[in-house]
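Here's the letter readout for the chains.
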Amino acid sequence: MKIRIIGACGSGKSTLARALSRKYDIASHELDNLIWDRSAVNLRYPEKVRDQALQAIVSSKAWIIEGAQLEAWTSPSILEADLVLVLHPHVLVRDYRIVRRFVLSRTGLQAWNYKQSFSNLCKMIVKWNHKYPVQDVIEMTSRYGKNAVIVTNTRQAITKIEGTYKLVAGECCIFE
């Protein structure tokens, strides 16, 4: 089972990936963790390291990869995916999640991958949420010969997965 989850900031990509990972016992991966070296603030991995890490993941038997990224370097995650899910809840739900995450991380009530600033909050809401190019995602996946499936929540994602895969004794095969 190889699933790529794409969506705007605050759509719930990481939450969905973790839920699917637990349910199906498949490793999940965040593209942000292939980009950012968490040992220092604003430190990126070299592109070669990032690309090799992605290739190692997509070469494995089963995976779940999530991220908002649409850049060319992420294309192997779409090309190798059995199923591409576009997570797209209502924009106000995403706004709420972004603001909530900001408040929780800034107050220290929730650990986050990086220290969020007010300008970053504004970018998340405007650029990475309200202006997120969902139609571009659909067109890009189509160019790679994949049909992206738009879902708004975990329940819909599981319904689509279970309609796509036939699960047999812990193993799966493409059904559709």
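The name recorded for the protein chain in an unreviewed UniProt entry is DNA topology modulation protein FlaR, from Paenibacillus silvae.

Q: Quick question: what am I supposed to make of the side chain of Arg101 here?
A: With respect to the helices, strands and loops of the structure, Arg101 is situated in helix α5 (residues 91-106). When near neighbours in sequence (up to four residues on either side) are disregarded, Arg101 contacts Cys9, Gly10, Trp112, Gln116 and Met124.

Q: Please explain the sheet that holds strand β2 (residues 28-30) as it appears in this structure.
A: Backbone-to-backbone hydrogen bonds pair the strands of a sheet. The strands run either parallel or antiparallel. Read across the sheet, five strands follow the order β2-β3-β1-β4-β5 without closing on themselves; strand pairing throughout is parallel. In this open sheet, the two strands that pair with only one neighbour each are β2 and β5 (148-151). Put simply, the sheet's adjacent strands are angled 25 degrees from each other on average, direction ignored. Note that strand β1 (residues 2-7) and strand β3 (residues 63-66) share four bridges and pair parallel. Opposite Ile3, over in β3, you have Ile64 as the bridge partner. The strands that helix α8 (residues 154-164) touches are β1, β4 (83-87) and β5; relative to β4, the one it contacts most, it runs at about 165 degrees.

Q: How should the packing of α5 against helix α6 (residues 118-130) be read in this particular structure?
A: Helix-helix packing is described using two parameters, namely the angle between the two axes and the distance between the axes. Where α5 contacts α6, the axes come no closer than 10 Å and their chain directions differ by 160 degrees. Put simply, α5 runs roughly antiparallel to α6. Seen from above, α5 lies across α6 with right-handed handedness. The residues of α6 that touch α5, namely those facing Val91, Arg94, Asp95, Ile98, Val99, Arg101 and Phe102, are Phe118, Leu121, Met124, Ile125, Asn129 and His130. In terms of residue class, the contact of α5 with α6 is made up of eight nonpolar, two polar and three charged.

Each value, and the rule that gives it
- Residues numbered from 1 in each chain as written.
- Predicted model: local features only at pLDDT ≥ 70, side-chain atom pairs only at ≥ 80, totals over all residues.
- Heavy atoms only, no water.
- Helix = DSSP H or I, 4+ residues; strand = E, 2+ residues; numbered from the N terminus.
- Contact = heavy atoms within 4.5 Å.
- Pairing = 2+ DSSP bridges.
- Axes fitted to C-alpha atoms, helices over the stretch in contact; angles between N-to-C directions.
- Parallel < 35°, antiparallel > 145°, perpendicular 65-115°, else oblique.
- Left-handed = near helix turned anticlockwise from the far one by under 90°.
- Nonpolar A, V, L, I, M, F, W, Y, C, P; charged D, E, K, R; others polar.

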